[in-house]
Amino acid sequence: MACNSSGCESGGCYGREKENGCKVVDVKETVRLCVKCKSNEPMTFGDGGSDDGRFCAECFRSNVYGKFRLAVTSHAMITPSDNVLVAFSGRSSSRVALQFVHELQVKALKNYEASRDRSLPVFGVGVAFVDESAAYPSLSGGMSDAIAWVRSTVLSLSPPEKDLHVVPIESVFGSDSVEARDRLVKLLDSVSDETGKEDLLLHLKMLSLQKVASENGYNRLVVGSCTSRLASHVLTATVKGRGYSLSADIQHVDARWKVPIVLPLRDCVWQEITRLCHLDGLKTVELARHPQSGINDLVSSFVALLQEENPSRECTIVRTAAKLTPFYFNKIPETDDSCVPMATQRRLKKFNLKYDGSMTTEAFCPICNGPLNGSDSSEDESDALYDACCSSCRFQILPQEPSSLDHFGSLLPHHMISQVKHHQKFDSQTYLREKIKDCLLLDDEEAV
């Protein structure tokens, strides 16, 4: 208790407030204000987050959207001439990603209609939902309801209208749904390691999204991976021995795929995203999968525990890993697009990643699509699939019995098989170049 009377002569009184007749203010009862606008009362969520009790609802939303907008503009993720596909799972991160991309599109449309020359077009937006019921039979019962909810959610968004693509995960195996489902089940049954099976399914899901994007004319794939998700990935990749390819997976842009993947929510933590869903009334759906006991879930639980003890742990993990040298494909390919505003071009130059020229590769693992280095080469080249894969996939996904490799390879989607053939071609060219290197002319030499 302290006195705030200007005429107090007792040096702050304390203990003698009533005797001196001074007015007393309880510091604990002082009204707190938002640290940004200094006018509204801050929101209290009670989840122990670092921003709990700091921002009012309006400033909190503005702060989260500002991170999204900065990532989009700084890395040229979305330009007026693009056609963007949003990967939508129904969970909070993908729901916020869809909402923010939609708001960005609505604003672009208003600017287009208000402009006189209408020189900048409005980028298109589509939504893709992957049906994983063939891989998880437990999802079959509620999948139809989930798809109906996804459809109604997309339709509830204001114009411009967005196309919805519902794609079964087994579609990467072919157009025959019965045969494709059968191949998927057999392929998963041939993987004994629980973590390896999860990782294989994750890659098949990405291949499904890439298939939808390429077949429907999309040139960007928006994925709602946030800081929390990436923090878990950093530790799991380290545990699995994927340190070389780790930096490729945690950047804002991943253009090693045919349709570049962008992560506009990379700098937002899961707590911020769930709070935003609560504030804006954004409904989500969580499909109940069977409990997992692999490395991925164990690490996710561990990171969640770290986050409870210190709300900045996830950000620290991602910022530390982001100091690794990125690859050449961790940026949007440069194009001479007149539709890209000058402001965006300046930001792109400012935030453009600097990568080491040695971090280039032409070979990727056909299973996880991770870049390969020299140490991934196998001394035994009797099997092309085994030689083409990274050491982690060899250990967790490929059958340990050499006699089972041929059968396993026959079950893989065409895209993975073509990756194996590309690796063989790349190896043969490298081998040939090494053999004839003494006969090759250097750049500064002239033929006699």
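Residues numbered from 1 in each chain as written. Predicted model: local features only at pLDDT ≥ 70, side-chain atom pairs only at ≥ 80, totals over all residues. Heavy atoms only, no water.

The protein chain goes by Cytoplasmic tRNA 2-thiolation protein 2 in an unreviewed UniProt entry, where it is assigned to Brassica campestris. As its UniProt record puts it under Pathway (unreviewed entry), the protein chain is described as follows: "tRNA modification; 5-methoxycarbonylmethyl-2-thiouridine-tRNA biosynthesis." The protein chain has a UniProt comment under Subcellular location (unreviewed entry) that states "Cytoplasm". (UniProt positions renumbered as here; feature names shortened; annotations may be inferred.)

> Explain the overall build of the protein chain to me, and be specific about the residues and the numbers.
Counting its secondary structure elements, the protein chain contains 16 helices and eight strands. Burial status across the protein chain gives 46% buried among its 448 residues. Taking the contacts inside the protein chain whose residues are at least 6 apart along the sequence as the reference set, 70% of them involve residues at least 24 apart. With the model as given, the accessible surface of the protein chain reaches about 24,000 Å², and the carbon-plus-sulfur share is 52%. (Helix = DSSP H or I, 4+ residues; strand = E, 2+ residues; numbered from the N terminus. Buried < 20%, exposed > 50% of the residue type's maximum accessible area, 1.4 Å probe, protein only. Contact = heavy atoms within 4.5 Å. Areas by Shrake-Rupley, 256 points an atom, 1.4 Å probe, with all protein chains shown as cover.)

> Describe the sheet that holds strand β5 (residues 163–168), listing the residues and the values that go with them.
In space, the six strands of this open sheet follow the order β5-β4-β3-β6-β8-β7, with mixed pairing throughout. Of all strands in the sheet, those bounded by a partner on one side alone are β5 and β7 (253–254). Where strand β6 (residues 220–222) and strand β8 (residues 261–262) come together, two bridges link them in parallel fashion. If you follow L221 over to β8, its bridge partner there is I261. (Pairing = 2+ DSSP bridges.)

> Talk me through the pattern of salt bridges; I want residue IDs and the actual numbers.
Within this structure, the stated rule accounts for 14 salt bridges. Within this structure, R61, E103 and D280 form a network of salt bridges that share partners. (Salt bridge = Lys/Arg side-chain N within 4 Å of Asp/Glu carboxyl O.)

> Got a sec to walk through the packing of helix α5 (residues 177–189) against helix α6 (residues 194–215)? Specific residues and values, please.
One way to put it is that α5 packs onto α6 with a least axis distance of 10 Å and a crossing angle of 150°. As judged from the angle between their axes, α5 and α6 are roughly antiparallel. The residues of α6 that touch α5, namely those facing L184, L187 and L188, are K197, L200, L201 and L204. The residue inventory of the contact of α5 with α6, partitioned by class, reads six nonpolar, no polar and one charged. (Axes fitted to C-alpha atoms, helices over the stretch in contact; angles between N-to-C directions. Parallel < 35°, antiparallel > 145°, perpendicular 65-115°, else oblique. Nonpolar A, V, L, I, M, F, W, Y, C, P; charged D, E, K, R; others polar.)

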